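Chain residues, written in single-letter form:
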Amino acid sequence: MLMDSAVVIEFSKLIHLLGLAMGLGGAIFADLLGLRLLLFPERRSLVAIIDRLHRAIGWGLGIVWVSGVALIVLRFSFDEIPNKVFVKYVLVSVITINAIFIGRVVLPFVRTAAAPLAHTLGARHILVLALASSVSIVGWMATLLVAKISALQQMPIFALLGDIALAWVACLAIILAFIVVARALPPAPEKQHRPRTGAEPSVAADIASRPRPADRMHAGRWPLAGLLSGIRKSRQQARSVREREEAEFQAQIDRIEKDRSGRATERAASPDPARAK
């Protein structure tokens, strides 16, 4: 029975780390895409990816909550719960509230605003975006560090929470400074699909009229559809090249066989000089 309990505890730890990895990785990736939204005019495909990352972060939070409660029940009684567990669940509670806030408030105005966001959003929306992003980054990083660094686990609860609050203020200041610099710079021009040099007018017009990747994403296509289509076309081209080479090789074999049969027929038709003598 003790062995079964130890296995369940180790499995819960593994699931707990998986939830932390999903949440932290999704938060970092979403914030990096948010930086592109701040600076560049391409937005449709990035907003769709951020929506999917937000759902992945929600799943990670659910895994952290369920596995964490299971670990507390299996490992501690109420009066034996260490300080790091209280700090972790304060942080996870803040992250959960922030994730709900992002889904209900931040993502709706990001979906409707024109990119680049640094030049189109007002000061209030910029502040809300910076607050949500800084809470997400610092919250997930602090949760992981408290879970794995023993020196942090030995600190008093309020001292540790105070240091985390200072880290959040520093992160918020860095994000706001970055946005101020981005607003001072001229917006990046939108990329246009230009026809290739030397192309015929009809071909150039066809290339220029093709929809941009962002337009295809707006129509509901998966972001990897272009990559998969390119892989499919390259396979078809490789198959056609291989079939053409096989056909040429077979044609060479046929010509060789035909020449051999022609020479054999000529030898059979011509009289043998030795026999003639």
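Every chain is numbered independently, its residues counted from 1 as its sequence is written. Only residues with pLDDT of 70 or above have their local features reported here, since the model is predicted, and side-chain atom pairs are shown and tallied only from 80 upward, although totals for entire chains, interfaces and linings are computed over all residues. Side-chain figures throughout are based on the complete set of non-hydrogen atoms in the structure, without hydrogens or water.

Visitor: I would appreciate a short explanation of the overall build of the protein chain in the present structure.
Guide: Tallying secondary structure elements over the protein chain gives eleven helices and zero strands in all. Here the contacts in the protein chain between residues at least 6 apart in sequence split such that 76% fall between residues at least 24 apart. A total of about 18400 Å² of accessible surface is found on the protein chain, and carbon and sulfur atoms cover 66% of it. Put simply, DSSP H or I for four residues or longer makes a helix, DSSP E for two residues or longer makes a strand, and each gets a number counted from the N terminus. Between two residues, a contact is recorded if the distance between any of their heavy atoms is within 4.5 Å. Each accessible area value is a Shrake-Rupley result obtained with a 1.4 Å probe; residue values ignore everything except the protein chains displayed when judging cover.

Visitor: Quick question: what am I supposed to make of the pattern of salt bridges here?
Guide: Side-chain pairs of opposite charge can arise where the charged atoms are in close proximity. Salt bridges are defined as contacts in which a side-chain nitrogen from Lys or Arg sits within 4 Å of a carboxyl oxygen from Asp or Glu. Inspection of every chain in the model, using the stated rule, returns three salt bridges. A salt bridge links Arg111 to Asp51, with the nearest nitrogen and oxygen atoms 3.1 Å apart. In this pair, Arg111 is assigned in helix α3 (residues 83-112) and Asp51 in helix α2 (residues 44-75), connecting sequence segments 60 residues apart. Type-normalised accessible area, obtained with a 1.4 Å probe on protein chains alone, sets the label of each residue: buried when under 20%, exposed when over 50%, and partly exposed for intermediate values. Asp51 sits in the buried class, given a relative accessible area of 16%. A salt bridge links Arg260 to Glu257; the nearest nitrogen and oxygen atoms lie 3.9 Å apart. Residue Arg260 and its partner Glu257 are located together in helix α10 (residues 225-269), separated by three residues, close to a single helical turn.

Visitor: Where do I start with the layout of surface pockets in this structure?
Guide: In this approach, a probe sized like a water molecule rolls over the atoms, and the result shows the empty space that is left. Only protein atoms enter the 1 Å grid, on which a cavity is a set of points fitting a 1.4 Å probe that cannot get out and a pocket is an open set with protein on both sides within 12 Å along at least 5 of 7 lines, lining residues being those with an atom within 4 Å of a point. Grid points are joined across faces, edges and corners, and a volume is the space filled by probe spheres set on the points. The space that makes up the largest pocket amounts to roughly 630 Å³. What lines the largest pocket is a set of 32 residues, among which Ala30, Asp31, Gly34, Leu129 and Ser133 lie closest to the centre. When contributions to the lining of the largest pocket are tallied by element, the ones reaching two or more residues are α1 (2-39), α2, α3, α5 (123-148) and α7 (157-184). Of the residues belonging to the lining of the largest pocket, the class tally is 26 nonpolar, five polar and one charged. The classification used treats Ala, Val, Leu, Ile, Met, Phe, Trp, Tyr, Cys and Pro as nonpolar, Asp, Glu, Lys and Arg as charged, and all other residues, Gly among them, as polar.

Visitor: Even after reading the chapter, I still don't get the side chain of Ser133, so can you show me in this structure?
Guide: By the element assignment, Ser133 lies in helix α5. Identification of polar contacts relies on pairs of N or O atoms within 3.5 Å, with a donor-acceptor requirement for protein atoms, meaning one able to donate a hydrogen and the other able to accept it, and with residues adjacent in sequence counted only if both atoms are side-chain atoms. Within the local environment of Ser133, its side chain forms a polar contact with the side chain of Asp31, the two groups lying 3.0 Å apart. If near-sequence neighbours (up to four positions away) are discounted, Ser133 is found in contact with Asp31 and Ile175.

Visitor: What should I look at first to understand the packing of aromatic side chains in this one?
Guide: The description of two aromatic rings rests on the distance between their centres and on the angle between their planes. Aromatic pairs are defined between Phe, Tyr and Trp rings, using the six-membered ring for Trp, whenever the two ring centres lie within 6.5 Å; interplanar angles under 30 degrees are classed as stacked, those over 60 as edge-to-face, and all others as tilted. Under the defined criterion, the tally for this structure stands at one aromatic pair. Ring plane angle 55° and centroid distance 5.2 Å describe the contact between Trp65 and Tyr89, whose orientation is recorded as tilted. Taken together, the residues span a long stretch of sequence, with Trp65 in helix α2 and Tyr89 in helix α3 at a distance of 24 residues. Judged by relative accessible area, Trp65 falls into the partly exposed class, the value being 29%.

Visitor: What am I meant to see in a positive patch on the surface here?
Guide: Patch members must show over 30% relative accessible area and no salt bridge, and they are joined within 9 Å when carrying like charges or within 5 Å when they are nonpolar side chains of Val, Leu, Ile, Met, Phe, Trp or Tyr. Only four residue types enter the charge count: Lys and Arg as positive, Asp and Glu as negative, with His and the chain ends excluded. All charge positions are set by atom: Lys at NZ, Arg at CZ, Asp at CG, Glu at CD. A contiguous patch of positive charge, built from Arg232, Arg235, Arg239 and Arg242, is present on the exposed surface. Mapped onto the elements, Arg239 comes out in helix α10. Take Arg239: its relative accessible area is 39%, and that puts it in the partly exposed class.

Visitor: Sorry, what's going on with the packing of α3 against α5 here?
Guide: Orientation is described by axes fitted as lines to C-alpha atoms, over the contacting stretch for helices, and by angles from 0 to 180 degrees between their N-to-C directions. Between α3 and α5, whose axes approach to 9 Å, the crossing angle comes to 150°. As summarised for this structure, α3 and α5 are arranged roughly antiparallel, according to the angle between their axes. Of the two possible hands of crossing, α3 and α5 adopt the one that is left-handed. In terms of residue class, the contact of α3 with α5 is made up of 19 nonpolar, five polar and two charged. Here roughly perpendicular refers to angles of 65 to 115 degrees, roughly parallel to angles under 35, roughly antiparallel to angles over 145, and oblique to all remaining angles. Crossings are classed by handedness, with left-handed meaning an anticlockwise turn of the near helix from the far one by less than a right angle and right-handed meaning a clockwise turn.

Visitor: Mind showing me how you'd approach a negative patch on the surface here?
Guide: A cluster of acidic residues, Glu243, Glu245, Glu246 and Glu248, forms a negative patch at the surface. Tracing the backbone through its elements, the reader meets Glu248 in helix α10. Residue classification places Glu248 among the partly exposed residues on the basis of a relative accessible area of 46%.

Visitor: Sorry if this is basic, but what is going on with the packing of α3 against α7 here?
Guide: The angle between the axes and the distance between the axes are what describe a pair of packed helices. Running from N to C, α3 and α7 cross one another at 35°; their axes reach a closest spacing of 10 Å. Classified by chirality, the crossing of α7 by α3 is right-handed. Here α3 contributes Asn83, Phe86, Val87, Val90 and Leu91 to the contact with α7, which in turn contributes Ile157, Leu160, Leu161 and Ile164. A per-class count over the contact of α3 with α7 returns eight nonpolar, one polar and no charged.

Visitor: Explain the environment of Phe101 to me, please; I cannot follow it from the model alone.
Guide: In this fold, Phe101 is placed in helix α3. Looking at Phe101, the relative accessible area reads 33%, which means it is partly exposed. A sequence separation of 31 residues divides Phe101 from Ala132, and the C-alpha atoms of the two residues are 7.8 Å apart. Beyond its immediate sequence surroundings of up to four residues, Phe101 is in contact with Val106, Val128 and Ala132.

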